[in-house]
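# Reading the structure
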Amino acid sequence: MKSFLAMLAVTTALTVPGLALASEVTFTTNLRNYGGDGAYLAYYVTDAQGKYVGSLWMAGGKARYYEHLSGWYRATGGDTGEINGITGASVGSGRSLKITLDLADTLFDAGYELHIDSAVEDMRDSPNEIVVPLTSAGSGQAATGSRYIADFTYAR
């Protein structure tokens, strides 16, 4: 229950700025068969100027590895308070992660971008492996990753 409340606080924080409605958005991330341990993934949003807005999800529960999600880490200063309660398990090689969140409608078609950093123990880090503009037209369009992520889509 505590995790749910913390996640609600974060998604609400991304909802409140525009006092607008929020919609369910489903993120689907398919990993390649890279042959290593489970991947840590950080999902976060920046505004049109590239300024960090907020964290949406963290896959991977051991905070000592978060510094390897270097884009997210640099944006937050490694503040684990940004992700408290929105953490899921790491995602294994060849597996998929599907999460559904409520995101403010004002985040779409306004210059905001979704970033996904990935990292795997004893393998190279991959900051900004996925960067996609949050647009209505981008819903359902697959983006290809450069290292561990085969593809990513979001659907409203």
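All right, on to the overall build of the chain then. Looking only at helices and strands, one finds two helices and nine strands in the chain. Each helix and strand of the chain, ordered N terminal to C terminal, gives the series α-β-β-β-α-β-β-β-β-β-β. When each of the 156 residues of the chain is scored for burial, the buried share is 43%. Within the chain, residue pairs in contact and separated by at least 24 positions form 66% of the contacts whose partners lie at least 6 positions apart. Surface accessibility of the chain: about 7,600 Å² in total, with carbon and sulfur atoms responsible for 49%.

All right, on to the pattern of salt bridges then. Opposite charge on two side chains permits pairing when their charged atoms draw close. Within this structure, the stated rule accounts for one salt bridge. A salt bridge links Arg156 to Asp105; the nearest nitrogen and oxygen atoms lie 3.2 Å apart. Of this pair, Arg156 sits in the segment after β9 (149-155) while Asp105 sits in the loop between β5 (96-104) and β6 (113-120), and the two are 51 residues apart along the sequence. Note on Asp105: relative accessible area 26%, which makes it partly exposed.

The next thing to look at is the environment of Asp79. With respect to the helices and strands, the residue Asp79 is situated in the loop between α2 (70-76) and β4 (87-88). With 16 residues separating them along the chain, Asp79 and Ala63 place their C-alpha atoms 9.9 Å apart. A polar atom in the side chain of Asp79 sits 2.8 Å from the backbone nitrogen of Gly81.

Let's shift gears to unusual backbone geometry. As a rule of thumb, non-glycine residues mostly have phi less than zero, and peptide bonds are mostly trans rather than cis. With phi around 65°, Asp122 is a residue other than glycine that occupies positive phi space. Tracing the chain through its elements places Asp122 in the loop between β6 and β7 (126-133). By relative accessible area, Asp122 is classed as exposed at 76%. One non-glycine residue, Asn128, lies in the positive phi region at around 50°. Within the secondary structure, Asn128 sits in strand β7. Given a relative accessible area of 34%, Asn128 falls into the partly exposed group.

Turning to the sheet that holds strand β2 (residues 39-46), a few remarks are in order. Strand order in this open sheet of five strands is β4-β3-β2-β6-β7, and the pairing throughout is mixed. The sheet is open, and its two borders are formed by β4 and β7, each paired with just one other strand. Judged from the five bridges that link them, β6 and β7 form a sheet pairing that is antiparallel. The residue bridging Ser118 from the neighbouring strand is Ser126, located in β7.

On to the sheet that holds strand β8 (residues 143-144), then. One open sheet holds the four strands; their spatial order is β5-β1-β9-β8, and the pairing between them is antiparallel. Each edge of the sheet is formed by a strand with only one pairing partner; in this case those strands are β5 and β8.

Moving on: the side chain of Thr26. Within the element layout of this structure, Thr26 appears in strand β1 (residues 22-31). Polar side-chain contacts of Thr26 include one of 2.9 Å to the side chain of Thr100. Apart from residues no more than four positions distant in its own chain, Thr26 is found in contact with Lys98, Ile99, Thr100, Thr153, Tyr154 and Ala155.

This next bit is on the nonpolar core. If you look at the biggest cluster of nonpolar residues, it comprises 41 residues, and the most contacted ones within it are Phe27, Leu41, Tyr43, Trp72, Leu114 and Phe152. Where this core is concerned, the elements lending two or more residues are β1, β2, β3 (52-59), β5, β6, β7 and β9. Top contributing element to this core by residue count: β2, with seven residues. Contact partners of Leu114, with chain neighbours within four places excluded, come to Phe27, Tyr43, Tyr44, Val45, Leu56, Ile130, Val131, Val132, Leu134 and Phe152.

Rules behind the numbers
- Residues numbered from 1 in each chain as written.
- Predicted model: local features only at pLDDT ≥ 70, side-chain atom pairs only at ≥ 80, totals over all residues.
- Heavy atoms only, no water.
- Helix = DSSP H or I, 4+ residues; strand = E, 2+ residues; numbered from the N terminus.
- Buried < 20%, exposed > 50% of the residue type's maximum accessible area, 1.4 Å probe, protein only.
- Contact = heavy atoms within 4.5 Å.
- Areas by Shrake-Rupley, 256 points an atom, 1.4 Å probe, with all protein chains shown as cover.
- Salt bridge = Lys/Arg side-chain N within 4 Å of Asp/Glu carboxyl O.
- Polar contact = N/O pair within 3.5 Å; in protein donor to acceptor, adjacent residues only side chain to side chain.
- Pairing = 2+ DSSP bridges.
- Core = buried A, V, L, I, M, F, W, Y, C linked by side-chain atoms within 4.5 Å.

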